[in-house]
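Chain residues, written in single-letter form:
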Amino acid sequence: MFDSTIFKKLEKNDFRVLVGIGVGMRNHQWVSSEMLPSFSKLPFAETMYRINRLLRFKLIKKTTTPYVGYRMHFDGYDALAIGALSRRGLSAIGERIGVGKESVVYEGLYDRKPAILKFHRAGYTSFKHVVRQRNVGGQQHGVFVARDAAGREHDALIALHGAVSVPRAIDYNRHVVVMTVAPGGELSKTKVDDPDWFLDEIVEQVRKSYALGFIHSDLSEYNVFVSPNGVELIDWPGYVVTSHPNAEFLLARDVLNVLKFFNRKYGVVRDCEEVVEYVKS
Ligand SMILES: Nc1ncnc2c1ncn2[C@@H]1O[C@H](COP(=O)(O)OP(=O)(O)O)[C@@H](O)[C@H]1O
Ligand SMILES: [Mg+2]
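Residue positions are given per chain, counting from 1 as you read along its sequence in written order. Labels follow written order: the first chain is A, the first ligand is 1, and so on. Where totals are concerned, whole chains, interfaces and linings use all residues; where local detail is concerned, this predicted model gives features only for residues with pLDDT of at least 70, and gives and counts side-chain atom pairs only at 80 or more.

**Overview of the packing of helix α2 (residues 12–24) against helix α5 (residues 74–86)**
Packed helices, taken two at a time, are described by the angle between their axes plus the distance between the axes.
Item 1. Taken N-terminus to C-terminus, the directions of α2 and α5 make an angle of 115°; their axes are 10 Å apart at the nearest point. The element α2 and its partner α5 pack so that their crossing is left-handed. Residues Phe-15, Leu-18, Val-19 and Gly-22 of α2 pack against Gly-76, Ala-79, Leu-80 and Gly-83 of α5.
Item 2. Looking at side-chain class alone, the contact of α2 with α5 contains five nonpolar, three polar and no charged residues. Note on geometry: axes are C-alpha line fits, over the in-contact stretch for helices, and angles between N-to-C directions span 0 to 180 degrees. By definition, any uninterrupted DSSP run of H or I lasting at least four residues is a helix, any uninterrupted run of E lasting at least two residues is a strand, and each is numbered from the N terminus. Two helices crossing with the near one rotated counterclockwise from the far one by less than a right angle form a left-handed crossing, whereas a clockwise rotation gives a right-handed crossing. Residues are defined as contacting one another if the C-beta atoms placed from their backbone atoms lie within 7 Å. Residues are grouped as follows: Ala, Val, Leu, Ile, Met, Phe, Trp, Tyr, Cys and Pro are nonpolar; Asp, Glu, Lys and Arg are charged; all remaining types, including Gly, are polar.

In structure tokens, the structure reads:
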């Protein structure tokens, strides 16, 4: 994962070559040393000097079969995203606060204010897999899967903000989304003294999302933050639109996850079908 000591050592031309590898990977599983100078716009010798540094920093990986070539590590992609975000408003990366199924989440400072940096990791496993496969297009490379997930999450946060209680998207680049810090704590880890009120708040947000055409599709006590002021729904890359063929199923599953949690932990009893009907009304 991201290592600030390495990041600080990176020079402009290291970035150029890293960017070049990213560009080459759109069409090639491995980017050959012959292709690289044209992508990086640097002379061959300089390119090779940079390649060796990037290998040493473990930001890229080398193969010798079927030809000598290079591809990005997730760490290299992290460096590119952090580089881009730093040129805009990111000034610090702090504690790692979450490791989810498909992301690693850090606190940070953006425009001198606290922010959340979510590094998407969807595709990380298939990323290892891809290496062993043949004839796999660059598009399926793990970093691109993660980038698409970040793009989806960013889109959802932008579309929902203002109407639904979600973090505000501040910026994003490649597979990293920068957003505001959700107030309070995860529902799963917080004891609330008015569960009915919080459940109503969640259902209300689900309803507002639905009205805008969005179904979360991964809703659970882990993706809801609660504070005395209300709730915030996080973790949106898996959303579907309400016209999606599985929309009904996914909406019911979201609602059921939340109802089951409130039943298990607080003994609250609600009828799932009724809640789903309410959400859709
Ligand atoms: N905006 C946020 N504010 C506060 N904590 C967050 C925020 N986004 C993510 N987190 C923390 O990081 C964890 C993982 O993020 P999440 O978006 O749920 O991704 P995953 O798909 O990995 O579950 C969350 O459970 C939460 O603890
Ligand atoms: Mg989550």
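Structure shown, so let's carry the discussion forward.
**Focus on the nonpolar core**
Item 1. Here, a nonpolar core means buried Ala, Val, Leu, Ile, Met, Phe, Trp, Tyr and Cys residues linked by C-beta atoms lying within 7 Å of one another. For every residue, the other C-beta atoms within 10 Å of its own C-beta are counted; 20 or more classify it as buried, 12 or fewer as exposed, and values in between as partly exposed. C-beta atoms are placed from the backbone. Counting 75 residues, the largest nonpolar core has Ile-21, Val-176, Val-178, Met-179 and Val-255 as the members making the most contacts within it.
Item 2. When residues in this core are grouped by element, the largest group, nine residues, is from helix α7 (residues 142–160).
Item 3. Inspection of this core shows a minimum of three residues originating in each of domain 1 (4–179) and domain 2 (185–280).
Item 4. Other than its neighbours up to four places away in sequence, Ile-21 contacts Val-31, Ile-60, Tyr-70, Arg-71 and Met-72. Where each domain begins and ends is defined by an automated method or by a domain database.

**Focus on the domain arrangement of the protein chain**
Item 1. Once the domains are mapped, the protein chain shows domain 1 (4–179) and domain 2 (185–280).
Item 2. Domain 1 puts 13 residues into the contact, and the matching count from domain 2 is 13 residues.
Item 3. Looking at the side of domain 1 that touches domain 2, the element that brings in the most residues is α7, giving seven residues.
Item 4. For the side of domain 1 that touches domain 2, the class distribution of residues is nine nonpolar, two polar and two charged.

**Thoughts on the confidence of the model for the protein chain**
Item 1. On a scale of 0 to 100, pLDDT captures the predictor's confidence in every residue. A residue-level look at the protein chain finds 94% of positions with pLDDT of 70 or above and a mean pLDDT of 93.
Item 2. Confidence over residues 126–139 falls short of pLDDT 50; this stretch has 16 contacts with residues more than four positions distant or in other chains.

**A word on the sheet that holds strand β11 (residues 224–227)**
Within a sheet, each strand pairs with its neighbour through backbone hydrogen bonds, oriented either parallel or antiparallel.
Item 1. Here three strands make up an open sheet; going across it, the order is β9-β11-β12 and the pairing antiparallel. With partners counted over all chains shown, the strands left at the sheet margins are β9 (185–186) and β12 (230–233), one partner each.
Item 2. Strands in contact with helix α8 (residues 195–211) are β11 and β12; relative to β12, the strand with the most contacts, it is inclined by about 40°. When DSSP finds two or more bridges between a pair of strands, those strands are recorded as paired.

**Remarks on the pairing of strand β8 (residues 176–179)**
Item 1. Neither face of β8 is open: one carries Val-176 and Val-178, the other Val-177 and Met-179, and all of them are buried.
Item 2. Remark: two residues form the turn of the hairpin made by strand β7 (residues 169–173) and β8, two consecutive strands paired antiparallel; Arg-174 in that turn has positive phi of roughly 50°.

**Structural notes on the site of ligand 1**
Item 1. The immediate surroundings of ligand 1 are formed by 18 residues, with Gly-98, Gly-100, Ser-103, Ala-182 and Asp-235 found nearest.
Item 2. When the residues that make up the shell around ligand 1 are grouped by side-chain class, the tally is nine nonpolar, four polar and five charged.
Item 3. Shared between two domains, the shell around ligand 1 takes at least three residues from each, and those domains are domain 1 (4–179) and domain 2 (185–280). Whether a residue is near a molecule or strand depends on its C-beta atom, placed from the backbone, lying within 6 Å of it.

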